[in-house]
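# Chain and residue survey
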Amino acid sequence: MSTRLPSAKPLKRPTQQRAKATVQAIFDTYVRIWQRDGWARLTTRAVSLEAGVAIGTLYDYFPNKHALHSGYVRYCVEQLLEAIDAQAVAPTALAWPERIRRLVRTLAGVESRRPWFHPDMLELETLVAEPKHQRRVYEDLLGAWHRVIDAAMICRYARPLRRAGLHLSVWGGRRCAMLVQLRSGSHANLGRQHGAPVSAAQGRERAG
């Protein structure tokens, strides 16, 4: 069984706006190179050169490409949570079916503006994350279900156990679809159920 690499951890988070822009450029380049060349040919030096960021600056945040990947995954989860809060929790005049629809579409990867994932990222999980980190992601995403359902004021219809089941069915289904690389026709029902095609999300989750 694969074990987590000792150095597969980002060194720090950007706090100032300029630093955030630098890390965003690194992430954007990381995705672009992965889509073009694949994980095996992706290096921190290549990211540094293409992003126009000094290699020393990149190493201030990510000492190697596994740490960069770990940071990118964390960024993706944070983007998902922010999107859910903005689209399905914060709006005041929103019917509960629409709140749930937005939540499911975001978690399932149907929305084309969400961060890019690749099936090979699942194989890297044991190298960059411990079980406690994976548990934290699960709890953070389950917390999004709680916030959306509470905002919809349908708590009496969805007890905590049922919320966990709903989350596992959506998030687990997405991970399974990525793992076996389902084609758009294979999960077209998801797009029809939630009112949008799945091709855009699938395009992000297949090799570029």
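Residues numbered from 1 in each chain as written. Predicted model: local features only at pLDDT ≥ 70, side-chain atom pairs only at ≥ 80, totals over all residues. Heavy atoms only, no water.

Attention now goes to helix α2 (residues 44-51). Three or more residues of α2 are buried, namely Thr44, Val47 and Ser48. Projected onto a plane normal to the axis of α2, the buried residues spread over an arc of 100° and lie on a single side. Those residues of α2 that are exposed and angled more than 90 degrees off the buried face are Arg45 and Leu49. Trailing α2 by a residue or two, Gly52 shows a phi angle of about 75°, which is positive. (Buried < 20%, exposed > 50% of the residue type's maximum accessible area, 1.4 Å probe, protein only. Helix = DSSP H or I, 4+ residues; strand = E, 2+ residues; numbered from the N terminus. Arc of directions from axis to C-beta.)

Moving on to the pattern of salt bridges. Side chains that differ in charge, positive against negative, can pair when their charged atoms come close. Per the stated rule, a full pass over the model turns up 10 salt bridges. Residue Arg36 is joined to Asp37 by a salt bridge in which the shortest nitrogen-to-oxygen separation is 3.2 Å. Overall, the relative accessible area of 48% leaves Arg36 in the partly exposed class. Glu130 is the partner of Lys132 in a salt bridge, and the nearest nitrogen-oxygen pair spans 3.9 Å. One connected set of salt bridges, linked through shared partners, spans Arg32, Arg36, Asp37 and Glu50. (Salt bridge = Lys/Arg side-chain N within 4 Å of Asp/Glu carboxyl O.)

Each aromatic ring pair is described using two quantities: the centre-to-centre distance and the angle formed by the ring planes. Within the structure shown, the criterion is met by 8 aromatic pairs. An angle of 45° between the planes, with centres 5.7 Å apart, marks the rings of Phe27 and Phe62 as tilted. In this pair, Phe27 sits in helix α1 (residues 17-37) while Phe62 sits in the loop between α3 (55-61) and α4 (65-89), placing the two residues 35 residues apart along the sequence. For the pair Phe27 and Phe62, a shared accessibility class is recorded, and that class is buried. (Phe/Tyr/Trp six-rings, centres within 6.5 Å; stacked < 30°, edge-to-face > 60°.)

The next point concerns the confidence of the model for the protein. Low pLDDT means the predicted coordinates in that region are not meant to be read closely. For the protein, per-residue confidence averages 79 on the pLDDT scale, and 77% of positions sit at 70 or higher. When pLDDT is averaged over each helix and strand of the protein, the minimum, 35, is found for helix α11 (residues 199-205) and the maximum, 97, for α2. Confidence over residues 184-208 falls short of pLDDT 50; this stretch has 44 contacts with residues more than four positions distant or in other chains. (pLDDT = per-residue confidence, 0-100. Contact = heavy atoms within 4.5 Å.)

Now for the packing of α1 against α2. Interhelical geometry of α1 versus α2 gives an angle of 115° and a closest axis separation of 9 Å. Every pair of crossing elements has a handedness; the one defined by α1 and α2 is right-handed. Here Ala25, Ile26, Thr29, Tyr30, Arg32, Ile33 and Arg36 of α1 come into contact with α2, specifically with Ala46, Val47, Glu50 and Ala51. For the contact of α1 with α2, the class distribution of residues is 7 nonpolar, 1 polar and 3 charged. (Axes fitted to C-alpha atoms, helices over the stretch in contact; angles between N-to-C directions. Left-handed = near helix turned anticlockwise from the far one by under 90°. Nonpolar A, V, L, I, M, F, W, Y, C, P; charged D, E, K, R; others polar.)

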